[in-house]
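Report on the structure
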Amino acid sequence: LSIFKRLINTMSEIKNKPEQEAVKQNDDLYRKVENTFLKNRNVIIGALVLIIVGNGGYFGYKELFLKPKTQQADNKISYPQNFFTKDSFQLALNGDGINDGFLQIADDYGVTKSGNLAKYYAGVCYLKAKDFDNAIKYFEDYKPKTDELAGLTYMQLGHAYAEKNDFAKAVENYKKAGKEAQSDMYSPYYYKLAGDLLVVQNDFKGAKEVYEIIKRDYPLSEEGINIDKDIAYTETKLGE
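Computed from a predicted model, the values in this text were never measured in an experiment.

Some details on the overall build of the chain
Along the backbone of the chain there are 12 helices and 0 strands. Helices (α) and strands (β) of the chain occur, in sequence order from the N terminus, as α-α-α-α-α-α-α-α-α-α-α-α. For the chain, buried positions account for 33% of its 240 residues. Long-range contacts, defined as pairs at least 24 residues apart, comprise 46% of the intrachain contacts of the chain with a sequence gap of at least 6. Of the accessible surface of the chain, which amounts to about 15,700 Å², a share of 55% is contributed by carbon and sulfur atoms.

Here's the deal with the packing of aromatic side chains
In the structure shown here, the tally under the stated rule is 12 aromatic pairs. Between the aromatic rings of Phe84 and Phe102, the centroid separation amounts to 6.3 Å while the plane-to-plane angle is 75°, which identifies the pairing as edge-to-face. Separated by 18 residues along the polypeptide, Phe84 in helix α2 (residues 78–85) and Phe102 in helix α4 (residues 102–108) bring together distant segments of the chain. With respect to class, Phe84 is no different from Phe102; both count as buried. Considering the side-chain rings of Tyr126 and Tyr138, the 5.8 Å spacing of their centres and the 25° angle between planes classify their relative orientation as stacked. Residue Tyr126 is located in helix α5 (residues 113–128), and its partner Tyr138 is located in helix α6 (residues 132–141); the two are separated by 12 residues in the primary sequence. Judged by relative accessible area, Tyr126 falls into the buried class, the value being 13%.

Quick notes on the pattern of salt bridges
Within the structure shown, the criterion is met by 11 salt bridges. In this structure, the salt-bridge partner of Asp141 is Lys119, at a minimum N-O distance of 3.4 Å. One end of the pair, Asp141, is in helix α6; the other, Lys119, is in helix α5, with 22 residues separating them in the sequence. In this structure, Asp230 engages Lys192 in a salt bridge whose closest nitrogen and oxygen atoms are separated by 4.0 Å. Separated by 38 residues along the polypeptide, Asp230 in helix α12 (residues 227–238) and Lys192 in helix α9 (residues 187–200) bring together distant segments of the chain. We note that Asp230, like Lys192, is buried. A network of salt bridges, in which partner residues are shared, links Lys192, Asp196 and Asp230.

Re helix α7 (residues 147–163)
For α7, which comprises 17 residues, the first-to-last C-alpha distance of 25 Å matches the rise-based estimate of 24 Å (1.5 Å per residue) to within 8%. Along α7, the positions that sit buried rather than exposed are Ala150, Gly151, Thr153, Met155, Gln156, Leu157, Gly158, Ala160, Tyr161 and Ala162. Check the buried side of α7 and you find it contacts α5, α6, α8 (167–181) and α9. Directly beyond the C-terminal end of α7, a positive phi value near 65° is found at Asn165.

Observations concerning unusual backbone geometry
Although it is not a glycine, Asp87 sits at a positive phi angle of roughly 60°. Inspection of the secondary structure assignment puts Asp87 in the loop between α2 and α3 (89–94). For Asp87, a relative accessible area of 54% corresponds to the exposed category. One non-glycine residue, Lys130, lies in positive phi territory at about 65°. Owing to a relative accessible area of 60%, Lys130 belongs among the exposed residues under this scheme.

The rules behind the values
- Residues numbered from 1 in each chain as written.
- Predicted model: local features only at pLDDT ≥ 70, side-chain atom pairs only at ≥ 80, totals over all residues.
- Heavy atoms only, no water.
- Helix = DSSP H or I, 4+ residues; strand = E, 2+ residues; numbered from the N terminus.
- Buried < 20%, exposed > 50% of the residue type's maximum accessible area, 1.4 Å probe, protein only.
- Contact = heavy atoms within 4.5 Å.
- Areas by Shrake-Rupley, 256 points an atom, 1.4 Å probe, with all protein chains shown as cover.
- Phe/Tyr/Trp six-rings, centres within 6.5 Å; stacked < 30°, edge-to-face > 60°.
- Salt bridge = Lys/Arg side-chain N within 4 Å of Asp/Glu carboxyl O.
- Expected span 1.5 Å × (residues − 1).

Quick look at the structure:
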């Protein structure tokens, strides 16, 4: 009987040993985590504070600064837009003494959507006024939010550089317009501008390459339907 009891006790110890080991391991792990926290608590607490402050700061910036700025800019931009539609470009740029023009809105509210758009309008106004350097400045500062606006902006930049007789930059921007627009309607038009300007410069090889983009990627566009004659012209000039 004594031997039997010892056998049962031994089996019980064997059975409970994994559980005891698990408890011991958990205790050891807890102590390690606790010790690590105590040693590095200043760093850990500081990081948590930064996260909380950072999130709170962004929320404060968005709600207390950006949101009212956006509303103000949205209200203000309608006045110069009205002048713009009437081709009163100087009033659109500079305002009428009561209402701000695009320049002031771009300066005061540039971080907002309307403030950013005011930069594009300012570029167009300067382009109309033949102030090409300022046109380029505002077009390049503007950040288009859609593919269509990106294409349009690069086209306007192409016009500005072409007016300055910087044809290499003009062609570069016309090509960018074609690429960025991603439009079956507008992209071939922008590429055609690039190709035609290359022809004017007697760069028939470069023009042919651009025309072939239109033929390959936009065959059903108005430009694509008629592009074969332009390609043939460049080939004639190249002696092909």
